[in-house]
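# Topology and contacts: notes
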Amino acid sequence: MPENVMSAINSVFCAGCCDDEGTKDTIKKTFEDYGYLCDTHTAVGINVYEKYAEKTGDKTPAVIDSTANPFKFSRSVLDAVEPGASEGLDEFSMVGELARVTKTSCPPQLADLRDKPVRFRDSATGTAWRRLFSGCSVYDAGRSPCSAAAVLLRVVELKCCAQRVLA
C-alpha cells in the first residue's frame, strides 16, 4: 500500500488489540464500575477504546455498539466476574450460575436451549471443508489472510462460492 494512502487511513482510523487477561479484567471492571455485564467481544472494544483515549487524550464521547449477549459466552464471562466459578459446571449450569452471581437474566432464547432437540451433529470441517470449497480461490490450505480488507474479500468470495456450490 502506498505510504500516502496508509498515512491517510491512519489519520482517521485507530486499531488495537486485547489479550484474554485484558478481556477478563475489562469484563470484571465494567461490571463492578457500571453494573453492565458485557460479553467478551464488547470487552475487547471497551479495552481498546480506553487504551486509545488514554494514549491520545481524546475526550470525545464514544458509543461502543454491543451486539452479543454475555450469556452466549457464559464460561468466559462467569470466570471474569467470579474467577474459578465455572469449574465443574456444564455449559447450561454456567448460564444459571452467571445469572445468579450477577443478578442478571439470561434471554429465554438461550436459557431454553437445554430443552431443545439437537438439530445438527456434524459440521463441515477438515476433509469436508476442503471438498466443499475446493476450486474456490478463497481456500488457501489454511493460511490466514493478512489484512482486514483481505478478510472482507474472502468472506464475500466465500459467500459467492457457497452459493455456487449450493445452487
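Whatever comes next refers back to the structure up there.
Figured I'd write up the structure that's included with this text.

## So, the pattern of salt bridges
Counted according to the given criterion, the structure contains 4 salt bridges. We note a salt bridge from Arg75 to Glu91, for which the minimum N-O separation is 3.4 Å. Remark: Glu91 occurs in helix α5 (residues 91–102) and Arg75 occurs in helix α4 (residues 74–81); sequence separation between them is 16 residues. A relative accessible area of 43% places Glu91 in the partly exposed class.

## A few points about the environment of Leu89
As for its position among the elements, Leu89 is in the loop between α4 and α5. Accessibility expressed as a relative area gives 28% for Leu89, which makes it partly exposed. In sequence terms Leu89 and Arg75 are 14 residues apart; their C-alpha atoms lie 9.1 Å from each other. Sequence-distant contacts of Leu89, that is, excluding residues within four places in its chain, are made with Leu78, Met94 and Glu97.

## A short note on the side chain of Thr30
Inspection of the secondary structure assignment puts Thr30 in helix α2 (residues 20–34). Sequence-distant contacts of Thr30, defined by excluding residues within four places in its chain, comprise Gly35, Tyr36, Cys38 and Ile46.

Rules behind the numbers
- Residues numbered from 1 in each chain as written.
- Predicted model: local features only at pLDDT ≥ 70, side-chain atom pairs only at ≥ 80, totals over all residues.
- Heavy atoms only, no water.
- Salt bridge = Lys/Arg side-chain N within 4 Å of Asp/Glu carboxyl O.
- Helix = DSSP H or I, 4+ residues; strand = E, 2+ residues; numbered from the N terminus.
- Buried < 20%, exposed > 50% of the residue type's maximum accessible area, 1.4 Å probe, protein only.
- Contact = heavy atoms within 4.5 Å.

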